[in-house]
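Remarks on the overall topology
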Amino acid sequence: MKTMTLTMPLDMHVHLRDGEMLETVAPLTSYSFSGALVMPNLVPPVTTLDMVRGYKKRIQAAMESDDFEPYMTLFYQNYSRSFLEEVKDHIIAIKLYPSGVTTNSEGGVASFDIEAMRETLEAMSDLGIILSVHGETNGFVMDREAEFMSVYEMLAVHFPKLKIIMEHITTREAVKMLDQYENLYATITVHHLMITLDDVAGGMLRPHLFCKPIAKRPHDREALLKVALSAHPKVMFGSDSAPHPKHTKESCGCGAGVFTAPIALQLLCEIFEANDSLDNLQAFVSDNAQQIYGICPDFKEVVLVKHDFVIPEMYGSVVPMRAGETLTWSIERVD
Ligand code: NCD
Ligand code: ZN
């Protein structure tokens with residue numbers, strides 16, 4: 001039977017939440033990944049060293065394996081250099097949210113005033129802390145990411161030594177930026193490699209495919225597939241797996257977020273196999289991220305096999321993407 005072995009897979013953008021939800025989702029990510037970049041958009045957001053330490057401990061307590069590294073982040077605010085010096089060994093990135101553009105981002109940045117941000121961004125640049133960015137304006141929903149490109153350009157030019165990650169890119173405009181600025185990198189989700197806006201809202205509304213940034217047009221998905229399948233050295237996998245309880249998704253006022261953590265590697269195998277690119281999957285799910293972030297996760301091997309896997313209807317209170325459907329790859333074992 002056809003198998004695929006992935007060494008030290010990494011999910012460089014995941015929402016693990018807290019409390020009961022953390023208990024449900026942390027073991028799913030820690031089972032199949034060696035490490036993950038944990039988003040800080042809790043309520044209240046993670047903004048102090050004590051909060052980082054406390055959250056990391058709660059994640060480790062909720063995991064079912066000890067061969068998983070939660071790479072921690074802070075929620076962007078204008079921090080002082082002395083604070084960043086104190087916190088730098090406990091985080092690897094700071095996540096910047098424009099205010100109000102997605103789930104729990106109300107405390108984010110209201111205006112991109114370079115001078116106001118200079119102390120923080122220069123200190124991050126000097127200390128090797130990566131800036132991870134949710135790149136959307138509050139414009140028309142299909143244009144939000146493309147409109148944000150001018151902010152990326154401004155950041156990339158003013159802080160040329162700062163590594164900037166364009167998180168969960170969804171457009172050909174963002175893909176283009178990768179080759180234009182040396183210090184811009186990107187994560188790509190598995191769902192944005194699969195769906196367009198048509199899948200979300202073209203027929204009956206499918207709340208479990210609704211996320212920020214919203215899935216875009218076929219030509220955008222093609223552009224994402226091109227750089228993911230070729231494992232462009234500046235792109236890496238970040239699931240943006242974002243669990244919301246079923247009743248808040250299947251409701252009037254559905255929260256944004258697609259839950260993919262337990263099926264991400266199986267889906268990636270399907271996509272890369274269908275495009276004759278399985279040889280590049282290792283770089284996309286691990287090697288590129290190790291290079292970009294300069295991290296060295298503990299050894300773990302995930303063996304996938306070409307064997308049907310029926311996606312459960314629910315994981316705890318959460319409905320995963322493609323619930324009840326059959327995948328052609330499954331995880332055989334983790335060593
Ligand atoms: C994320 C969440 O639910 O926290 N939602 C989403 O649609 N991706 C936040 C985010 O990453 O935008
Ligand atoms: Zn996210």
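A brief look at the structure comes next. All of these numbers come straight from a predicted model, not from anything done at the bench.

1. Side note on the overall build of the protein chain
From N to C terminus, the protein chain includes 13 helices and 14 strands. Since a compact globule built from 335 residues should have a radius of gyration of about 20 Å, the 19 Å found for the protein chain is in line with a globular shape. Looking at the protein chain residue by residue over its 335 residues, the buried ones come to 59%. Across the protein chain, every contact between residues at least 6 apart in sequence was considered, and the portion connecting residues at least 24 apart equals 71%. In the form shown here, the protein chain has an accessible surface area of approximately 13,400 Å², with 50% of it arising from carbon and sulfur atoms. Between the centroid of the 28 positive side chains of the protein chain and the centroid of its 45 negative side chains there is a distance of 2 Å.

2. As for helix 6 (residues 149–158)
Looking only at helix 6, the buried set comprises Met149, Val151, Tyr152, Leu155 and Ala156. When helix 6 is viewed along its axis, its buried side chains cluster within an angular range of 155 degrees and face the same direction. In this structure, the buried side of helix 6 is in contact with helix 4 (114–127), strand 7 (130–133), helix 5 (144–147), strand 8 (164–166), helix 7 (172–177) and strand 9 (184–188).

3. So, the nonpolar core
One finds Leu131, Leu268, Leu281 and Phe284 to be the most contacted residues of the largest nonpolar core, which totals 102 residues. Sort the elements by how many residues they give to this core and helix 12 (residues 264–274) lands first, with seven residues. Among residues more than four places away in sequence, those in contact with phenylalanine 284 are Ile188, Leu193, Ala228, Ala231, Val235, Met236, Phe237, Leu268 and Phe272. Core analysis: the next-biggest nonpolar cluster, separate from the first, contains 17 residues, Met12, Tyr97, Tyr185 and Ala289 among them.

4. What about the sheet that holds strand 14 (residues 330–334)?
With antiparallel pairing, three strands are arranged side by side in an open sheet as 1-11-14. Two strands bound the open sheet, and with one partner strand each, they are strand 1 (3–7) and strand 14. Across the sheet, the mean angle separating the axes of adjacent strands is 25 degrees when strand polarity is ignored. Relative to strand 11 (residues 301–305), strand 1 is paired through five bridges, and the arrangement is antiparallel.

5. Points about the side chain of glutamine 266
By secondary structure assignment, the location of glutamine 266 is in helix 12. When its relative accessible area of 3% is taken as the criterion, glutamine 266 is described as buried. Here proline 262 takes part through its backbone oxygen, which lies 3.0 Å from a polar atom of the side chain of glutamine 266. In this structure, glutamine 266 is in contact with Leu304, Phe309, Leu327, Trp329, Ser330 and Ile331, ignoring residues within four places of it in sequence.

6. Observations concerning the site of ligand 1
Around ligand 1, 15 residues are found, and the nearest of them are Arg17, Asn41, Thr102, Lys212 and Asp240. Between ligand 1 and asparagine 41 there is a distance of 2.8 Å, counted from an oxygen atom to a side-chain nitrogen or oxygen. Considering ligand 1 on its own, with 310 Å² of exposed area, one finds that the protein chains cover 100% of that surface.

7. What about the coordination of the zinc ion (ligand 2)?
With distances of 2.0 Å, the protein atoms coordinating the zinc ion (ligand 2) are His13 (NE2), His15 (NE2) and Asp240 (OD). Here the zinc ion (ligand 2) is ringed by four donor atoms whose angles at the metal span 91 to 141 degrees, and the overall shape comes out irregular. Counting residues between consecutive donors of the zinc ion (ligand 2) along the chain gives the motif H-x1-H-x224-D. In this structure, histidine 13 and histidine 15 share a single accessibility class: buried.

8. Focus on the packing of aromatic side chains
By the definition in use, this model includes eight aromatic pairs. Seen in terms of ring centroids, phenylalanine 112 and phenylalanine 148 are 5.5 Å apart; in terms of plane orientation they differ by 85 degrees. Their pairing is edge-to-face. Of this pair, phenylalanine 112 sits in the loop between strand 6 (93–96) and helix 4 while phenylalanine 148 sits in the loop between helix 5 and helix 6; the two residues are 36 residues apart in sequence, bridging distant segments of the chain. The buried category is assigned to phenylalanine 148, whose relative accessible area is 1%. By the ring-pair criterion, three or more aromatic residues cluster together here, those being Phe33, Phe237, Phe272 and Phe284. Lying over the aromatic face of tyrosine 185, lysine 234 brings its terminal NZ or CZ to 5.3 Å of the ring centre.

9. What to know about the side chain of threonine 120
You can see threonine 120 is positioned in helix 4. By relative accessible area, threonine 120 is classed as buried at 1%. In this structure, threonine 120 is in contact with Tyr76, Gln77, Asn78, Tyr79 and Leu84, ignoring residues within four places of it in sequence.

10. Topic: the pattern of salt bridges
All chains considered together, the criterion is met by 13 salt bridges. The partner of lysine 88 in a salt bridge is aspartate 89, with the nearest N and O atoms 3.5 Å apart. On the accessibility criterion, lysine 88 (31% relative accessible area) is partly exposed. A relative accessible area of 65% places aspartate 89 in the exposed class. Arginine 333 is paired through a salt bridge with glutamate 332; the nearest N and O atoms lie 3.1 Å apart. Owing to a relative accessible area of 40%, arginine 333 belongs among the partly exposed residues under this scheme. Overall, the relative accessible area of 45% leaves glutamate 332 in the partly exposed class. Among the charged side chains, a salt-bridge network with shared partners connects Lys2, Glu273 and Lys306.

Analysis parameters
Chains are numbered independently. Their residues run from 1 in the order of the written sequence. The order in which chains are written sets their letters, starting at A; the order in which ligands are written sets their numbers, starting at 1. With the structure being a predicted model, the display of local features is reserved for residues of pLDDT at least 70 and the display and counting of side-chain atom pairs for 80 or more, all residues being used for whole-chain, interface and lining totals. Heavy atoms from the whole structure form the basis of all side-chain values; hydrogens and water molecules are not counted. The way it works is that DSSP assigns letters per residue, a run of H or I at least four long becomes a helix, a run of E at least two long becomes a strand, and they are numbered from the N terminus. For the radius of gyration, the atom set is restricted to C-alpha positions; the globular benchmark scales as 2.2 Å times the number of residues to the power 0.38. Using a 1.4 Å probe on the protein chains alone, a residue whose accessible area is under 20% of its type maximum counts as buried, one over 50% counts as exposed, and one in between counts as partly exposed. In this analysis, two residues are considered to be in contact whenever any of their non-hydrogen atoms come within 4.5 Å of each other. All accessibility values rest on the Shrake-Rupley procedure with a 1.4 Å probe; residue burial counts only the protein chains present in the view. For the purpose of counting charges, residues Lys and Arg are taken to be positive, whereas Asp and Glu are taken to be negative. His and the chain ends are not included. Every charge is mapped to an atom, namely NZ of Lys, CZ of Arg, CG of Asp or CD of Glu. The directions considered for the arc run from the helix axis to the C-beta atoms. Definition used in this section: a nonpolar core is a set of buried Ala, Val, Leu, Ile, Met, Phe, Trp, Tyr and Cys residues joined via side-chain atoms within 4.5 Å. At least two DSSP bridges between two strands are required for those strands to pair. Axis lines are fitted through C-alpha atoms, for helices just across the contact stretch, and the angle between N-to-C directions can take any value from 0 to 180 degrees. Two N or O atoms form a polar contact when they lie within 3.5 Å of each other; inside protein one atom must be a possible hydrogen donor and the other a possible acceptor, and for residues adjacent in sequence the pair counts only when both atoms belong to side chains. Working definition: residue near molecule or strand if any one of its non-hydrogen atoms lies within 4 Å of it. In this listing, donors mean N, O and S atoms no farther than 2.8 Å from the metal, or 3.2 Å for Na, K and Ca; water is missing from the atoms, so a site can look incomplete. Geometry assignment treats four donors as tetrahedral when all angles are between 85 and 135 degrees, treats four as square planar and six as octahedral when opposite donors are over 155 degrees apart and all others between 65 and 115, and treats everything else as irregular. Here the aromatic set is Phe, Tyr and Trp, taking the six-membered ring for Trp, and pairing holds for ring centres within 6.5 Å; pairs whose planes are under 30 degrees apart are stacked, those over 60 apart are edge-to-face, and all others are tilted. Should the NZ of a Lys or the CZ of an Arg lie within 6 Å of a ring centre and within 35 degrees of the ring normal, that charge is described as sitting over the ring. A pairing counts as a salt bridge when a side-chain nitrogen of Lys or Arg comes within 4 Å of a carboxyl oxygen of Asp or Glu.

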